[in-house]
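Read off the chains here:
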Amino acid sequence: MGGRRYTYFSDDGFKLSKLDRVLVCPNFIVAFPTVFTLALPREYSDHSPIILQTSFTNFGPPPFRFFNSWLLQDGIDHVVIKFWNEFRGGGRPDKRLLGKLKAVKNAITDSRKLEFEKENKKLHDLKSRVSDLDLDAESRSLSEQEKRSWRNDRQNILELETFAKLDLQQRAKVKWIENEDRNSQFFHISLKITNMRSSIHGLIVNGCWVTDAISIKEEACRFFGDKFHESHTVRHLLINENFKKLSPIESNFVEQDFTMEEVKEGI
């Protein structure tokens, strides 16, 4: 809820509660995923009027997310190995590592974008062929070759849709009730509810409700900047020869490049 933290104020001003609600069904949330409630000034009433409002705040591109289903498909290992080995950069080891991870991330994003378009086109073509064979089977007997093609196409459709459902499960962040459960509508609704709850529709800045993305970003940056601001600009130096230090061998081990097994384990 935006605008106010509470919707009820007692006459004496000592009791504040969030009493008022808006009742909607899950299908409404699916149709309007960006909906939220906004509490208005109460003026002379002890209750703040609330309205149901939809808004879309563009905060830029979403952060990178790696889906587990990509590991079940061919090609992802080659992309990671290729761009990990071909990266060239200088500077400190941590800067090189950051550059490598960024290069791999961009490569995976571009690769998955192309593969996603190919998979959608393949899925559409498979469903069209299966539908055509279903119509032909109503008027004539299918040949053995057509029956094999029908079975293979249905199997390929099932595999492609399984990958999509695994991604949907990971997006919704809920566990399947049973291994054979394929209730994708449940995960669609769960995903919409999660996105609705985690969305930032606005913030109260200096007593005013703001909804534009730039003001929200500036306020978030200022808030967390104050949290991590250091009041003491000069620190005392701790110099002691008895402090434990890494040996040259241990230092070299820390600065070594990550192996592919360590990268997979970390992901």
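Notes on the structure in this doc start here. (Residues numbered from 1 in each chain as written. Predicted model: local features only at pLDDT ≥ 70, side-chain atom pairs only at ≥ 80, totals over all residues. Heavy atoms only, no water.)

### Section: the pattern of salt bridges
Evaluation of the coordinates by the stated rule reveals 11 salt bridges. One salt bridge in this structure joins Asp77 and Lys264, with 3.7 Å as the shortest N-O distance. Of this pair, Asp77 sits in helix α2 (residues 76-86) while Lys264 sits in helix α8 (residues 260-266), placing them 187 residues apart in sequence. Residue Lys264 is classed as partly exposed on the basis of its relative accessible area of 48%. (Salt bridge = Lys/Arg side-chain N within 4 Å of Asp/Glu carboxyl O. Helix = DSSP H or I, 4+ residues; strand = E, 2+ residues; numbered from the N terminus. Buried < 20%, exposed > 50% of the residue type's maximum accessible area, 1.4 Å probe, protein only.)

### Concerning helix α3 (residues 93-139)
An ideal rise of 1.5 Å per residue puts 69 Å on 47 residues; α3 measures up with 69 Å between its terminal C-alpha atoms. Regarding α3, the residues found buried are Gly99, Lys100, Val104, Ala107, Ile108, Arg112, Glu119, Leu123, Leu126, Val130 and Leu133. (Expected span 1.5 Å × (residues − 1).)

### Brief notes about the nonpolar core
With 10 residues, the main nonpolar core is built from Phe66, Phe67, Trp70, Ile76, Val79, Val80, Trp84, Val104, Ala107 and Ile108. Of all the secondary structure elements, the ones that give two or more residues to this core are α2 and α3. Broken down by element, this core gets its largest block of residues, 4 residues, from α2. Listed in part, the 5 residues of the second largest apolar core include Leu123, Leu126, Val130 and Leu160. (Core = buried A, V, L, I, M, F, W, Y, C linked by side-chain atoms within 4.5 Å.)

### Concerning the pairing of strand β3 (residues 35-39)
When you tally the buried positions in β3, you get 4 out of 5 residues, the bulk of the element. Where β3 lies against strand β4 (residues 50-54), 5 bridges are found, and the strand directions are antiparallel. Opposite Phe36, over in β4, you have Gln53 as the bridge partner. (Pairing = 2+ DSSP bridges.)

### Focus: helix α6 (residues 213-227)
Working note: α-helix, 3.6 residues per turn, so residues spaced by three or four point in the same direction. An ideal rise of 1.5 Å per residue puts 21 Å on 15 residues; α6 measures up with 21 Å between its terminal C-alpha atoms. Taken residue by residue, α6 has Ala213, Ile216 and Glu219 as its buried positions. One side of α6 holds all its buried residues, which, seen down the axis, span an arc of 135 degrees. Facing away from the buried side of α6, by more than 90 degrees, are the exposed residues Ile214, Glu218 and Cys221. (Arc of directions from axis to C-beta.)

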